[in-house]
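Chain by chain, the residues run as shown.
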Amino acid sequence: CLSFESTSPKPQTGAISSTVSNPRKMAVQKSSGHSRGGPLLRSQANNATTPRPVKESGSGYDAKLVEMINSVIIDQSPSVKWEDIAGLEMAKQALLEMVILPTKRRDLFTGLRRPAKGLLLFGPPGTGKTLLAKAVASESDATFFNVSASSLTSKWVGEGEKLVKTLFQVAISRQPSVIFIDEIDSIMSTRTENENEASRRLKSEFLVQFDGVTSSSGDLVTVIGATNKPQELDDAVLRRLVKRIYIPLPDTNARRLLLKHKLKGHAFSLPDRDLERLVAETDGYSGSDLQALCEEAAMMPIRELGSNILTVQANQVRGLRYGDFQKAMTVIRPSLQKSKWEELEKWNREFGSN
Ligand code: ADP
């Protein structure tokens, strides 16, 4: 019960659809809100991304899998804007050149300028890799496929291979597309002797599908893998993820930006001197650690209220102070061991693109 557009150009509402699916799910779910490019690019957006007809390969499509991809893997969460991401300027620049500009100006990015189809974001957890991938999708007005390792393995035991194949077909039909594979190391790790057959097949299928989109110059499908264990990735996968961008723990500047960003809209009285102390004391914290720290600090004035919490006026709750963060730091500690971080830096020097 699947319908494929095999001869006519792809309609805007997605060529692969399950006839049993809810019509809302059949619509192309582009990254919403910040669509048609970011502020930087909106004026330059052209219609260079005219969809290609989708070729029917004729083998093994499964309505259940298409439905699952439509409802679970295509990301429908609010789009992330470029400016929501603090710091990471080098990574942003690389992604702009590799993914965003080529979708806006296909005519310029041909031949030697043909963009890479695969890239790896590697670095400690909680440093903004997922955020970056989401922002790339919304800036390039692409459909965002958020694939976690678990959705390819545990949930769909035995069907991983078929799911990968269907995933790429849906991505081609809904291009421009960004396929984001979180924790890519756990499904694409170095082959081992006792690797089970299903995972070996899944990996091979991924490589076949990836090579398919790479060899077809008309397809705008970018695969972005994320990992904090790049050293465990299979060589064949690594070779295909030609750009490898290190997403480090935030440095002093990035932590200042992140803290200001997280505290925006909250009443707080942190003189510059205190903010600088906080920036210095949070060395080693990731972006998500800083988020957790701000959340914990923000609870301090609330906890002081005791039973008054039910009657207090919202504007009478005191603002945040430096002491709140100091207390919060005893609870929220950096989640990464320094030794692991050094290992990543070493890998970056050897294999990274920046
Ligand atoms: P990763 O994919 O690297 O593990 P995420 O992108 O999921 O990390 O980030 C987790 C959370 O940490 C985000 O939802 C955000 O709140 C915060 N965060 C991390 N890095 C940044 C950043 N550079 N700018 C803004 N928020 C960040």
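Residues numbered from 1 in each chain as written. Predicted model: local features only at pLDDT ≥ 70, side-chain atom pairs only at ≥ 80, totals over all residues.

The protein appears in an unreviewed UniProt entry as microtubule-severing ATPase from Rehmannia glutinosa. The Sequence similarities (unreviewed entry) comment attached to the protein in UniProt states, word for word, "Belongs to the AAA ATPase family." (UniProt positions renumbered as here; feature names shortened; annotations may be inferred.)

Asker: Quick question: what am I supposed to make of the pairing of strand 5 (residues 177–182) here?
Answerer: Two faces, one strand: in a regular strand the side chains alternate between the faces of the sheet. Counting buried residues in strand 5 gives five out of six residues, a clear majority hidden from the surface. One ladder, built from six bridges, connects strand 4 (residues 143–148) with strand 5; its direction is parallel. From the neighbouring strand, phenylalanine 145 faces strand 5, where its bridge partner is isoleucine 179. In terms of strand pairing, strand 5 meets strand 6 (residues 221–227) through five bridges, oriented parallel. Opposite isoleucine 181, over in strand 6, you have glycine 225 as the bridge partner. (Buried ≥ 20, exposed ≤ 12 C-beta atoms within 10 Å, placed from the backbone. Helix = DSSP H or I, 4+ residues; strand = E, 2+ residues; numbered from the N terminus. Pairing = 2+ DSSP bridges.)

Asker: Would you explain the site of the ligand in this entry?
Answerer: Around the ligand, a shell composed of 17 residues is seen, among which Gly128, Lys129, Thr130, Gly287 and Ser288 lie nearest. The set of elements that each furnish at least two residues to the shell around the ligand consists of helix 4 (129–139), helix 10 (252–263) and helix 12 (287–304). Tallied by class, the residues present in the shell around the ligand amount to seven nonpolar, nine polar and one charged. (Near = placed C-beta within 6 Å. Nonpolar A, V, L, I, M, F, W, Y, C, P; charged D, E, K, R; others polar.)

Asker: Just checking my understanding: could you explain the packing of helix 3 (residues 89–104) against helix 4 for this structure?
Answerer: At a minimum axis distance of 11 Å, the contact between helix 3 and helix 4 shows a crossing angle of 40°. Taken together, the axes of helix 3 and helix 4 lie oblique to each other. The crossing of helix 3 and helix 4 is right-handed. Where helix 3 abuts helix 4, its residues Ala91, Leu95, Val99 and Ile100 lie against Leu132, Val136 and Glu139. A breakdown of the residues in the contact of helix 3 with helix 4 according to their chemical character gives six nonpolar, no polar and one charged. (Axes fitted to C-alpha atoms, helices over the stretch in contact; angles between N-to-C directions. Parallel < 35°, antiparallel > 145°, perpendicular 65-115°, else oblique. Left-handed = near helix turned anticlockwise from the far one by under 90°. Contact = placed C-beta atoms within 7 Å.)

Asker: Hey, could you run me through the nonpolar core in this one?
Answerer: When a protein is soluble and globular, its nonpolar side chains tend to lie buried together. Formed by 74 residues in total, the largest nonpolar core has its most connected members in Leu121, Phe145, Leu167, Val178, Ile179 and Phe180. Excluding anything up to four places from it in sequence, leucine 167 contacts Ile69, Ile73, Phe145, Val147 and Ile179. (Core = buried A, V, L, I, M, F, W, Y, C linked by C-beta atoms within 7 Å.)

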